[in-house]
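The chain contents come next:
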Amino acid sequence: MMFHFSTKEIKNALEVKLEGDLDIDGTEVVEDQLIPQLEKYRVISINFENVPFVDSSGIGLLMNLVQVLQDKGIHVSIFNVKQDVQEIFDLLQLPDILGEEIFI
C-alpha cells in the first residue's frame with residue numbers, strides 16, 4: 001500500500017492522518033510534503049490509526065519531527081497508535097525520549 005497522509009485544520013491546530021507503513025518510502029513523503037506544512041500551526045496531532053508498521057527510518061523521522069517542532073514551540077501529540085507499533089515505540093523508549101505526554 002502506498003503511503004499517504006491527509007490533514008484537517010481545526011482552528012489553529014492541525015490533525016494529520018497517516019496511512020500506510022512509515023518506512024523509507026513513507027518518510028520521504030512526510031519529509032518532502034508534510035513537514036513544510038506543519039510549521040505554521042501551534043498544535044499538531046498525528047493520527048497513527050492506519051499505520052500498521054514503522055521501521056527504523058520511520059522512528060528516526062518521528063523523533064526528528066517531534067524535536068524540531070517542539071524547538072519551534074509547537075505542541076505535538078501522537079494518538080491511535082496500533083498495539084504492534086506502540087510496542088516498537090516502547091521497546092525503543094520513544095515515550096521516555098520524546099515525553100510520555102506526546103502519546104495519547
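See the structure shown above.
A look at the overall build of the chain
Moving on, step 1. For the chain, the count of helices and strands is four helices and four strands.
Moving on, step 2. Shown N-terminal to C-terminal, the secondary structure of the chain runs as helices and strands in the order β-β-α-β-α-β-α-α.
Moving on, step 3. Rg of the C-alpha trace for the chain: 12 Å, near the compact-globule value of 13 Å for 104 residues, within the 12% margin.
Moving on, step 4. Each principal axis of the C-alpha atoms in the chain carries an extent, and together these give about 30 × 30 × 20 Å.
Moving on, step 5. Put simply, the chain has 104 residues, and 43% of those count as buried.
Moving on, step 6. In the chain, the proportion of contacts linking residues at least 24 apart, taken out of those at least 6 apart, comes to 75%.
Moving on, step 7. Approximately 5,800 Å² of the chain is accessible, and the part contributed by carbon and sulfur atoms is 49%.

Remarks on the environment of threonine 27
Moving on, step 1. On the secondary structure map, threonine 27 appears in helix H1 (residues 24-38).
Moving on, step 2. Look at threonine 27 and you get buried, because its relative accessible area is 5%.
Moving on, step 3. C-alpha of threonine 27 to C-alpha of leucine 62: the two residues are 35 residues apart in sequence and 8.8 Å apart in space.
Moving on, step 4. Those residues in contact with threonine 27 that lie beyond four places of it in its chain are Leu22, Ser57, Gly58 and Leu61.
Moving on, step 5. Of the polar contacts made by the side chain of threonine 27, one reaches the backbone oxygen of isoleucine 24; its length is 2.9 Å.

Observations concerning the environment of isoleucine 24
Moving on, step 1. Here isoleucine 24 is to be found in helix H1.
Moving on, step 2. Along the chain, isoleucine 24 and isoleucine 35 lie eleven residues apart, while their C-alpha atoms are 15 Å from each other.

Considering the pairing of strand E2 (residues 13-19)
Moving on, step 1. Where strand E1 (residues 4-10) and E2 come together, seven bridges link them in antiparallel fashion. In the strand pairing of E2, threonine 7 is matched with valine 16.
Moving on, step 2. Linking E1 back to E2 in an antiparallel pair, the connection comprises two residues, with lysine 11 at a positive phi of about 55 degrees.
Moving on, step 3. Examined bridge by bridge, E2 and strand E3 (residues 43-50) share six bridges and lie parallel to one another. Looking at the pairing, glutamate 15 lines up with serine 45 of E3.
Moving on, step 4. With respect to chirality, the unit in which E2 leads through H1 into the neighbouring parallel E3 is right-handed.

Criteria and thresholds
Residues numbered from 1 in each chain as written. Predicted model: local features only at pLDDT ≥ 70, side-chain atom pairs only at ≥ 80, totals over all residues. Heavy atoms only, no water. Helix = DSSP H or I, 4+ residues; strand = E, 2+ residues; numbered from the N terminus. Rg over C-alpha atoms; globule rule 2.2 N^0.38 Å. Buried < 20%, exposed > 50% of the residue type's maximum accessible area, 1.4 Å probe, protein only. Contact = heavy atoms within 4.5 Å. Areas by Shrake-Rupley, 256 points an atom, 1.4 Å probe, with all protein chains shown as cover. Polar contact = N/O pair within 3.5 Å; in protein donor to acceptor, adjacent residues only side chain to side chain. Pairing = 2+ DSSP bridges. Right-handed = clockwise from strand over helix to strand, strands pointing away.

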